[in-house]
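Each chain, letter by letter, is given below.
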Amino acid sequence: MNSVVVLVLGLAVAYFGYRLYAKRIDRRVIQSDPRKATPAKMYMDGVEFMPTSRNILFGYQFKSIAGAGPILGPIIALQWGWLPALVWILLGTLFIGWVQDYASAMVAMRKDGASMGGLSHKLISPRARMILLAFIYFYLLLIAGAFGNVVVSTAIGLKGSPMAWLFLTGAGLLAGQMIYRWRKDIILTTVVTVVLALIGIWVGTVAPSDKIIGAGLANERWLWAIAAFVFCYFAAVLPIWRFALPINYVAAYVVFLGLFFGLIGVVILHPDFTLPAYSSFTIKIGPIWPIMFVTVACGAISGWHSLVSSSGTARQLENEQDALPVGGGVMFVEMLLALFALIIAGTLYASPAQYGEAIAKGPGGVFAAGVSKFLGAVGLPADVGRSYGSVMMIFLAITIMQLVIRFMRIATSELLSDISPVFRNAHVGTFIASLLGIFLVMTGWWQYLWILFGGANQLMASMALMIITAWLMSEGRPASWSLWPTVFMFVTTVAALLYTSYNLLDKVFKGAVKGEAAAGNAVIGIIGFFLVLASFVLAYEGLKAFGRYRAMKVQPAGAQA
Amino acid sequence: MIPISLARIFEQFPDRRYIMFGGKGGLGKTTFSAATAYYLAKRGHRVLIFSVDPQASLTDIFQRDIFGKGPTEIIPNLYAQEIDADKRVREYQEEIRQKIRDMYGMDTIPEEIESYIQAAAAEPAMEESAIFDQVVDIVVQGGYDYYVYDLVPLGHALYYLSMASVYDAWIGKITGLRQQMREYDQVAAVIKREKELDEDAILNELLYIKDRINKSSKILTDKKMTAFFFVITPEEMVIKDTVKAAELFSKFDVPLSGYIINRLIPQELKHQAIPDYLKNRLAMQEHYLKVISSTFGDQILAAVPEMERDVTGLPMIERMARVMFGEF
Amino acid sequence: MSKEEKKKGGFFQAVKEFVYGVAAHDSARFALKTRASMEHLFILITMGDMLGVPILPPYYSLRLLPYVVPQISTWKRRMLREKDLTDALA
């Protein structure tokens with residue numbers, strides 16, 4: 001099939017899904033009201049509550065949810081063939097993805113701007129909040145592990161990327177100085193630093209890491225794992241304007257320029273899919289259901305988005321009706337991003353064997369090769385394109401990792417400072433989070449880490465959908481459009497986590513893996529089981545809440561009779 | 001007999017224009033203030049004597065009601081003023097209310113804001129800080145050669161002084177915070193490509209307040225401009241307390257110009273037929289005068305006998321001035 | 001014609017805002033966020049008598065009152081608002 005057909009299909013699903021389904025839910029079921037004062041307006045404090053225009057929030061939401069997930073998920077899922085991934089991306093987004101993203105923002109808005117912790121407390125039970133927090137901590141740890149792994153494999157697979165990474169970091173630090181200290185015109189700052197980052201991408205091609213530090217060191221996983229987590233450490237501990245924000249600022253331009261021209265490249269080249277539409281039901285890492293579903297990750301449905309929608313976007317929406325384009329609309333754009341990733345990887349290799357060889361080295365290399373090919377269509381030399389793709393990959397992963405580590409640090413101090421004041425120290429929490437992350441990166445096989453991350457991520461989505469359903473029930477609104485997604489996601493992700501965790505632990509018990517791999521398998525497997533256990537408790541609490549709301553709904557009718 | 005060297009201080013240090021008498025309550029500070037002001041006015045200087053004591057007593061000593069009436073001329077060149085702190089606070093509250101009404105075009109002050117204004121005025125420190133501010137106003141306005149402060153009792157004066165440095169440090173911190181806030185504002189403006197920001201009115205207010213508090217504490221502690229005199233009497237408790245107070249004052253950098261002894265029983269009485277009671281008192285006085293001279297030495301600037309009647313009214317003030325400064 | 005131009009301007013404005021949202025919104029938001037939390041600290045320090053912590057002489061804190069009238073209610077609300085760990089996620 002031709003790649004443009006896939007793009008058109010995606011656009012059609014986005015258009016009709018948004019127009020016919022999403023809009024109807026927004027107007028008829030939720031009854032969004034443009035005259036209602038949103039929390040951003042009602043509680044405007046300039047801190048968390050700040051009314052912001054729809055277009056800005058559209059960009060903000062997109063940047064916050066477009067990480068490594070939607071891009072790498074489809075690339076990895078191609079192992080089952082492109083068709084299952086395509087179908088799941090389209091249908092997942094249409095029936096589940098936007099529902100969660102949109103409704104998370106909506107429920108947070110209607111509930112005074114509470115975030116997921118507060119919502120679970122209010123709508124489910126106080127205990128649900130504590131379990132959800134623990135769940136989120138380990139879910140985020142898996143993000144750090146899976147994404148950290150991507151950074152490491154990309155840095156090793158593409159020797160130009162470390163230099164480009166270094167340059168972009170330097171450009172970001174410079175941007176920080178120019179914005180926060182010297183207060184230069186933002187356009188000047190942007191041009192100077194983005195150009196510097198682009199130069200770095202070129203420098204990467206002439207100064208590959210193995211030439212500078214030797215092939216031995218350049219292939220050491222621990223070196224890049226430490227580099228990645230030191231980077232995140234700085235981001236979590238340093239003043240955010242000095243490190244994290246300005247680097248993200250420059251990276252955003254580099255990444256989105258790459259995506260933009262890459263998409264143009266796809267339209268120009270409009271290649272046919274070269275990989276098979278379908279390989280087999282079960283591959284090495286597991287069967288299509290449930291494993292492929294969680295592998296595709298954010299392009300279909302992602303729990304991460306519910307956190308962004310509720311904690312970030314919902315507090316800035318100035319009009320209730322903006323929740324649909326910002327919460328829901330951006331998910332459809334994310335779907336297109338996932339299709340873009342599916343296309344560049346699915347049309348790149350002449351044979352499944354070649355693809356298999358490439359993906360074995362890590363998905364970052366596949367992405368970089370694809371970016372190189374399609375940026376080539378707009379005139380970029382292939383080696384520069386590869387370098388470009390690799391640095392995009394690193395920053396798509398590491399910007400999310402930064403946030404995750406930062407949050408884990410805050411969580412440590414908040415949850416554990418009662419036990420000992422030591423945990424209040426920013427370095428302690430960051431150190432713990434980084435150490436755990438490095439452990440996962442160094443000991444876990446990336447495919448399993450990815451599945452665990454994907455499973456946890458979509459299980460988080462199921463939890464968010466459950467909270468949404470509870471809210472709908474508490475208000476007496478039709479809830480089936482979020483209840484069935486909740487059930488489907490819960491069953492799928494629990495199955496995926498149990499399947500993979502069981503396999504991991506089984507290998508440990510049978511002695512199939514030794515040394516550090518055994519330790520990694522054991523820890524990842526235990527985390528998987530813990531997440532499943534936590535989700536069962538949450539589901540139990542959720543069911544109780546559903547029952548309460550149902551009884552509430554029946555009672556007034558009975559009283560009237 | 002102790003030489004009268006008080007006048008010399010004024011001749012030697014013509015820059016010392018803020019004159020203050022301190023000491024325990026009831027030792028005659030107001031009397032000395034009035035007499036000094038009278039002396040300086042007679043010498044041809046323009047003098048303002050004002051009371052910063054909430055229980056102002058200048059009205060009594062000049063036998064004229066000047067309370068809350070602003071500077072009032074007593075004799076040519078001599079003006080006296082008693083600050084009506086209560087009234088000032090009420091006016092000030094109304095100024096604040098008016099400012100809020102003007103700034104936001106409100107007809108009525110929101111309830112929580114009004115209750116705040118009320119609560120702030122009810123604070124015991126409110127009156128003192130209002131007076132404090134008035135003093136600065138008076139001194140900053142200028143127009144006089146000398147300012148004679150009829151000081152509050154020692155404890156309060158020290159409280160002012162100690163708070164001045166605390167306030168100053170606090171305002172320094174708050175101003176720093178405000179400036180940091182402004183930096184973030186500017187950063188946001190840079191990122192959004194917005195034009196220059198309005199001035200931060202609060203920052204300006206803070207700088208104003210800092211300036212006021214600095215000025216008032218400076219008036220009390222300026223070595224060049226300030227002459228601070230302690231009033232003592234030949235009594236054990238007074239001497240001991242004064243020594244302690246002087247230590248405290250020097251800790252706060254208040255420049256001490258010297259000590260004046262008050263309430264001496266005239267020595268001449270010794271040679272007359274007097275009752276035992278007075279004899280004993282005189283003997284005690286002699287003893288404590290020795291203690292005083294060994295403690296304070298040549299910092300004793302004048303010794304003033306107990307008058308046969310209250311020092312009120314201009315003739316008595318003039319008499320007192322002559323005793324303090326010699327003939328003029 | 002003019003309508004079309006307006007539409008075009010609207011489109012470019014939207015693109016501009018989108019790019020701003022992608023790249024810069026976070027940074028600007030954070031700067032303002034930091035600023036606003038300082039503002040609340042400021043009100044706490046200067047108007048703290050409301051909570052029973054007089055730090056400035058009341059005479060002077062009253063001077064500042066007119067400028068913080070609009071912030072006082074949001075400040076109080078913020079002080080009273082329940083906070084949750086997940087607030088820190090975005």
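Treat the numbers as computed from the prediction; the structure is a model and nothing was measured. Within every chain, residues take consecutive numbers counted from 1 along the sequence as written. Chain A is the first chain written and ligand 1 is the first ligand written, with later ones labelled in order. Whole-chain, interface and lining totals are the exception, using all residues; otherwise, since this is a predicted model, local features are given only for residues with pLDDT of at least 70 and side-chain atom pairs are given and counted only at 80 or more.

J.: Looking at this structure, I do not really get the overall build of chain B. What am I missing?
T.: When its secondary structure is counted, chain B shows 11 helices and 8 strands. Based on the C-alpha atoms only, the size of chain B along its principal axes is roughly 90 × 40 × 35 Å. Within chain B, the proportion of its 328 residues that are buried is 37%. The long-range fraction of contacts in chain B, counting pairs at least 24 apart against all pairs at least 6 apart in sequence, stands at 76%. Only DSSP runs of H or I reaching four residues or more are called helices, and only runs of E reaching two or more are called strands; each is numbered from the N terminus. Burial is judged by counting the other C-beta atoms within 10 Å of a residue's own C-beta: 20 or more makes it buried, 12 or fewer makes it exposed, and any count in between marks it as partly exposed, with every C-beta position built from the backbone. Residues are treated as contacting if the C-beta atoms built from their backbones sit within 7 Å of each other.

J.: Could you clarify how one ought to interpret the nonpolar core in this entry?
T.: Nonpolar side chains tend to gather and get buried jointly when the protein is soluble and globular. Residues Ala85, Ile89, Leu168, Val250, Val254, Ala397 and Ile467 of chain A are the most contacted members of the largest nonpolar core, which totals 224 residues. In this view, Ala397 of chain A contacts Gly67, Ala68, Phe147, Val150 and Val151 of chain A; residues no more than four positions away in its chain are not counted. Residues Leu6, Ala164, Ile174 and Met320 of chain B belong to the second largest nonpolar core, which totals 90 residues. We define a nonpolar core as a collection of buried residues of the types Ala, Val, Leu, Ile, Met, Phe, Trp, Tyr and Cys that are connected via C-beta atoms lying within 7 Å of each other.

J.: What should I look at first to understand helix 4 (residues 85-104) of chain B in this one?
T.: Three or four residues apart is the spacing at which side chains of an α-helix point the same way, because the helix has 3.6 residues per turn. For a helix, the expected span equals 1.5 Å multiplied by the residue count minus one. Here helix 4 of chain B contains 20 residues, and its C-alpha end-to-end distance of 29 Å stays within 8% of the 28 Å for a straight helix at 1.5 Å per residue. Those residues of helix 4 of chain B lying buried are Ala85, Val89 and Ile96 of chain B. Down the axis, helix 4 of chain B shows its buried residues gathered within 45° of arc, on one side only. Turned more than 90 degrees from where helix 4 of chain B packs its buried face, Lys87, Glu91, Glu94, Gln98 and Asp102 of chain B sit exposed. Here the buried face of helix 4 of chain B lies against helix 5 (111-122) and helix 6 (124-141) of chain B together with helix 3 (58-80) of chain C. A positive backbone phi angle near 60° is found at Gly105 of chain B, which sits one or two residues after helix 4 of chain B. Throughout, the arc means that of the directions going from the helix axis to the C-beta atoms.

J.: It is not clear to me how the interface of chain A and chain C should be interpreted in this structure. Could you clarify?
T.: Contacts between chain A and chain C engage 39 residues on the former and 30 residues on the latter. Where the side of chain A that touches chain C is concerned, the elements lending two or more residues are helix 3 (54-65), helix 6 (116-123), helix 13 (244-269), helix 15 (303-312) and helix 19 (382-416) of chain A. Here the side of chain A that touches chain C gets 9 residues from one element, more than from any other, and that element is helix 3 of chain A. Residue composition of the side of chain A that touches chain C, grouped by class: 24 nonpolar, 11 polar and 4 charged. In this classification, the charged set is Asp, Glu, Lys and Arg, the nonpolar set is Ala, Val, Leu, Ile, Met, Phe, Trp, Tyr, Cys and Pro, and all remaining amino acids, among them Gly, are polar.

J.: What is the right way to read helix 22 (residues 480-510) of chain A from this model?
T.: Look at helix 22 of chain A: 44 Å from first C-alpha to last across 31 residues, which is about the 45 Å you get at 1.5 Å a residue. Positioned one or two residues after helix 22 of chain A, Gly511 of chain A has a phi angle of 75°, which is positive.

J.: Would you explain the pairing of strand 6 (residues 226-232) of chain B in this entry?
T.: Moving residue by residue along a regular strand, the side chains alternate between the two faces of the sheet. Residues and elements named next belong to chain B. Burial analysis of strand 6 places 7 of its 7 residues in the buried class, the great majority of the element. Along strand 6, one buried face is formed by Thr226, Phe228, Phe230 and Ile232 and the opposite face, lined by Ala227, Phe229 and Val231, is buried too. Strands are treated as partners if at least two bridges between them are detected by DSSP. Direction of pairing for strand 1 (residues 18-22) relative to strand 6: parallel, over a ladder of 5 bridges. Within strand 6, the position partnered with Gly22 by the bridge is Phe230. Sheet topology places strand 6 next to strand 7 (residues 256-264); 5 bridges connect them, and they run parallel. Bridging from a neighbouring strand, Ile232 pairs with Ile261 of strand 7. Taken together, strand 6, helix 9 (residues 236-251) and strand 7 constitute a β-α-β crossover, and its handedness is right-handed. Handedness of a crossover: with both strands directed away from the viewer, a clockwise path from the first strand across the helix to the second marks it as right-handed.

J.: What is the right way to read the sheet that holds strand 2 (residues 47-51) of chain B from this model?
T.: Each strand in a sheet pairs with its neighbour through backbone hydrogen bonds, running either in the same direction (parallel) or in the opposite one (antiparallel). Residues and elements named next belong to chain B. The sheet built from 8 strands is open, its strands ordered 3-4-2-5-1-6-7-8 with mixed pairing. Where the open sheet ends on each side, the last strands, each with one partner, are strand 3 (72-75) and strand 8 (300-305). Sheet twist, expressed as the mean angle between neighbouring strand axes with direction ignored, is 25°. Pairing analysis gives 5 bridges linking strand 2 to strand 5 (residues 146-150), with the strands arranged parallel. Paired with Leu48 across the two strands is Tyr147, which belongs to strand 5. For helices, the fitted axis covers only the stretch in contact; all axes are lines through C-alpha atoms, and the angles between them, taken along N-to-C directions, range from 0 to 180 degrees. Strands in contact with helix 2 (residues 29-42) are strand 1, strand 2, strand 3, strand 4 (78-82), strand 5, strand 6 and strand 7; relative to strand 5, the strand with the most contacts, it is inclined by about 165°.

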